[in-house]
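# Summary of the model geometry
Here's the letter readout for the chains.
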Amino acid sequence: MLRWLRGDEQQKEPEVFESVALGLKKLYKNRLRPLEDAYKFHDFHSPALDDADFDSKPMVLLVGQYSTGKTTFIRYLLEQDFPGMRIGPEPTTDCFIAIMHGDLDKATNTINEGVIPGNALVIDKTKPFRALSSFGNNFLSRLQCSQMKNQVLQSISIIDTPGILSGEKQRVNRGYDFSKVLTWMAERVDRIILLFDAHKLDISDEFHEALNAVKMYDSKIRVVLNKCDQVNTQQLMRVYGALMWSLGKVITTPEVVRVYIGSFWDQPLLYDENRILFEAERNDLFEDIQSLPRNAALRKLNDLIKRARLAKVHAYIISHLHDNMPSMFGKEKAKNKLIADLDKIFVELSNKYNTSLGDFPKVEEMRKNLKLADFTKFRGLSESMIKKVCFCALCDVCLCSGAFTVGSDNPFNNKWGEGINAGSDFDTDWIVGKKKPEYDEIFMKLSPCNGKVKGSEAKKEMVKSKLPHTALAKVWRLADHDRDGQLTEEEFALSMHLINIRLEGFELPDELPEHLVPPSQR
Ligand SMILES: [Ca+2]
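Residues numbered from 1 in each chain as written. Predicted model: local features only at pLDDT ≥ 70, side-chain atom pairs only at ≥ 80, totals over all residues.

Turning our attention to the overall build of the protein chain. In terms of regular secondary structure, the protein chain is built from 21 helices and 12 strands. The long-range fraction of contacts in the protein chain, counting pairs at least 24 apart against all pairs at least 6 apart in sequence, stands at 79%. (Helix = DSSP H or I, 4+ residues; strand = E, 2+ residues; numbered from the N terminus. Contact = placed C-beta atoms within 7 Å.)

Among the nonpolar cores identified, the biggest contains 92 residues, and Val 60, Leu 61, Leu 62, Ile 159, Ile 192 and Val 214 are the most heavily contacted of them. The element best represented in this core is helix α12 (residues 292-323), accounting for 11 residues. Built from parts of two domains, this core gets at least three residues from each of domain 1 (1-55 + 297-406) and domain 2 (58-290). One finds Leu 472, Ala 479, Leu 487 and Leu 494 within the second-largest nonpolar core, a separate group that totals 18 residues. (Core = buried A, V, L, I, M, F, W, Y, C linked by C-beta atoms within 7 Å. Buried ≥ 20, exposed ≤ 12 C-beta atoms within 10 Å, placed from the backbone. Domains from an automatic or database assignment.)

Positionally, Asp 323 belongs in helix α12. Taking the C-alpha atoms as reference points, Asp 323 and Phe 378, separated by 55 residues in sequence, lie 9.0 Å from one another.

The element strand β9 (residues 221-226) is largely enclosed, with a buried count of five among its six residues. Where strand β8 (residues 191-197) lies against β9, six bridges are found, and the strand directions are parallel. Following the sheet pairing, Ile 193 is matched in β9 by Arg 222. Between the parallel pair β8 and β9, the chain is carried across by helix α9 (residues 205-214), and the sense of this crossover is right-handed. Sheet topology places β9 next to strand β10 (residues 259-261); three bridges connect them, and they run parallel. Within the sheet, the bridge partner assigned to Val 224 lies in β10 and is Tyr 260. (Pairing = 2+ DSSP bridges. Right-handed = clockwise from strand over helix to strand, strands pointing away.)

You will see that Asn 354, though not glycine, has its phi angle at about 55 degrees, which is positive. Locating Asn 354 in the fold gives a position in the loop between α14 (342-352) and α15 (363-372). Under the C-beta neighbour-count criterion, Asn 354 is labelled exposed, with 6 such atoms within 10 Å. Non-glycine residue Asn 450 carries a positive phi angle of around 55 degrees.

The subject of this paragraph is the confidence of the model for the protein chain. The predicted coordinates should not be examined in detail at positions where pLDDT is low. Summarising the model, the protein chain shows a mean pLDDT of 85, and 88% of its residues fall at 70 or more. When the criterion is pLDDT under 50, residues 400-415 qualifies, and its contacts beyond four places in sequence or with other chains add up to 26 contacts. (pLDDT = per-residue confidence, 0-100.)

Further remarks concern the sheet that holds β8. Read from one edge to the other, the open sheet built from eight strands follows the order β5-β6-β2-β7-β1-β8-β9-β10, with strand pairing classed as mixed. Every other strand in the sheet has two partners, leaving β5 (114-117) and β10 as the edge strands with one partner each. Pairwise comparison of adjacent strand axes, ignoring direction, gives a mean angle of 25 degrees for this sheet. Pairing analysis gives four bridges linking strand β1 (residues 59-64) to strand β7 (residues 157-160), with the strands arranged parallel. The residue of β7 that forms the bridge with Val 60 is Ile 158. (Axes fitted to C-alpha atoms, helices over the stretch in contact; angles between N-to-C directions.)

Let's shift gears to helix α11 (residues 275-290). Helix length check: α11, at 16 residues, gives a terminal C-alpha distance of 22 Å against a target of 22 Å (1.5 Å per residue), a fit within 8%. Of the residues making up α11, those classed as buried are Glu 281, Leu 285 and Ile 289. Considered in projection along α11, the buried side chains sweep an arc of 80 degrees and stay on one side of the axis. Exposed and oriented more than 90 degrees from the buried face of α11 are Ile 276, Glu 279 and Glu 287. On the buried face of α11, the contacting elements are β1, β8, β9, β10 and α12. (Expected span 1.5 Å × (residues − 1). Arc of directions from axis to C-beta.)

Bringing the pairing of β7 into the picture now. Of the two faces of β7, the one carrying Ser 157 and Ile 159 and the one carrying Ile 158 and Asp 160 are both buried. Pairing analysis gives three bridges linking strand β2 (residues 96-101) to β7, with the strands arranged antiparallel. Bridge pairing links Ala 98 to Ile 159 in β7.

Our next topic: α9. Along an α-helix, residues three or four apart share an orientation, since each turn contains 3.6 residues. The set of residues buried in α9 consists of Glu 206, Phe 207, Ala 210, Leu 211, Ala 213 and Val 214. Down the axis, α9 shows its buried residues gathered within 160 degrees of arc, on one side only. Against the buried residues of α9 lie β1, α8 (178-188), β8, β9 and α10 (233-250).

Turning our attention to the environment of Asn 500. Relative to the helices and strands, Asn 500 resides in helix α21 (residues 489-503). With 15 C-beta atoms packed within 10 Å, Asn 500 lands in the partly exposed category.

This part takes up the packing of helix α20 (residues 469-479) against α21. It is at 9 Å that the axes of α20 and α21 come closest, and there the two elements cross at 140 degrees. Every pair of crossing elements has a handedness; the one defined by α20 and α21 is right-handed. Residues Ala 471, Val 475, Trp 476, Leu 478 and Ala 479 of α20 lie in contact with α21, whose contacting residues are Glu 491, Leu 494, Ser 495, Leu 498, Ile 499 and Arg 502. (Left-handed = near helix turned anticlockwise from the far one by under 90°.)

Below, the discussion takes up the environment of Phe 207. Note on placement: Phe 207 falls in helix α9. On the neighbour-count criterion, Phe 207 (21 C-beta atoms within 10 Å) is buried. Taking the C-alpha atoms as reference points, Phe 207 and Ile 164, 43 residues apart in sequence, are found 6.2 Å from one another. In this structure, Phe 207 is in contact with Gln 65 and Ile 164, ignoring residues within four places of it in sequence.

Below you can see the structure in the form of structure tokens.
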């Protein structure tokens, strides 16, 4: 997959993701967390977020029966082996393996590589797996993290799962709740890839269970029908049909799951009649995986906005309860009355603050939690805290931190700060000035008269770029800014700058942008 990452475009994806993570982390700590703490949000809804919740890279979960080529598929994505990797028919991978880019060891300035066992992994604050400790020791002995240096892993992390038995009635006692772990993973990853073997398509009981564990997250699911070169076209069509039929019984969404067919390993194809199709499918799949960092960044922003809305509503509820408690006697009675009236209170607050009832938590769950709560610890409403987490405020922060791609002035927009736009920040000097001494030398050789060179002289130099004449005509029109048919020292430097932009493959505009106008003509 490295080949697909090498374009300049793709290089930016991890950066976008990192800057969003950084922006959101700040936003959470400075704005949302204080509101959550003040109204005991964590006792009622979900625990406070860790840095790892923001920093963790988008994750891809691989699920498949034994011998569907899961590990080989990962090897194919990474274009190299990973620590702790084992390939074989049955039973090889009996572990959950998180394959991640190694952390930078600051002392030695090297990337950490190797295997971290489950027990150590779940106490590592920088990794998003701490909650897994609740699945018990049997599970933790079947969990590991393989760290390595790899370009693909700079953008995504991959989770390999234990091979699932392929027999009809076969079951294995794993010593932990396999389905529950899968569901936990499915909720947190950004993509779930189900692998099937075109040569041996059967869906075992255990695989059915696995499908049931992840089907709730159907929008994340993609299917790979692997080893398609092992069958001919006619057989492949039958297998494809059978697969769609089987999947349709389990995943009952109106949208058809995307199935990628191919042979994801680097061996010669057995039947090569579908080679071109396999290649097109592979490209589609890699593009899908590549889009994950950008989508994951958006998802994290969405999740945070959702959380902020709930935190705001939660503050309204708690402060309302606080305001309606008696200051002296009859506290217990008042508390019970308030809890009983909670549904009415929700409607009242929804009208008062013009907030959708859909943003409110489930009444019954809230009642349960409130029964355990100490109402005397509640506090009144802080308008200033609320203001800080309103949707607009959040968006502003995201935009200011440069974290979110909106509008043409965003640094992560295509070509921002490159080509003709280089040097367009309002506080930078004339960008042409950087190389002007070099251009001045050429200018002097063109025997300028009264500080200007004639068109015919300048042309001799400009054609050396080998650019087509139409392009050079445009350069001339833009560079001769005062339209006197000659180029000053500054105008000549500008023409050289424009030629370089064109040579780097960027387009030239019809009008000279403000930031490129020669300083003496402003
Ligand atoms: Ca001129």
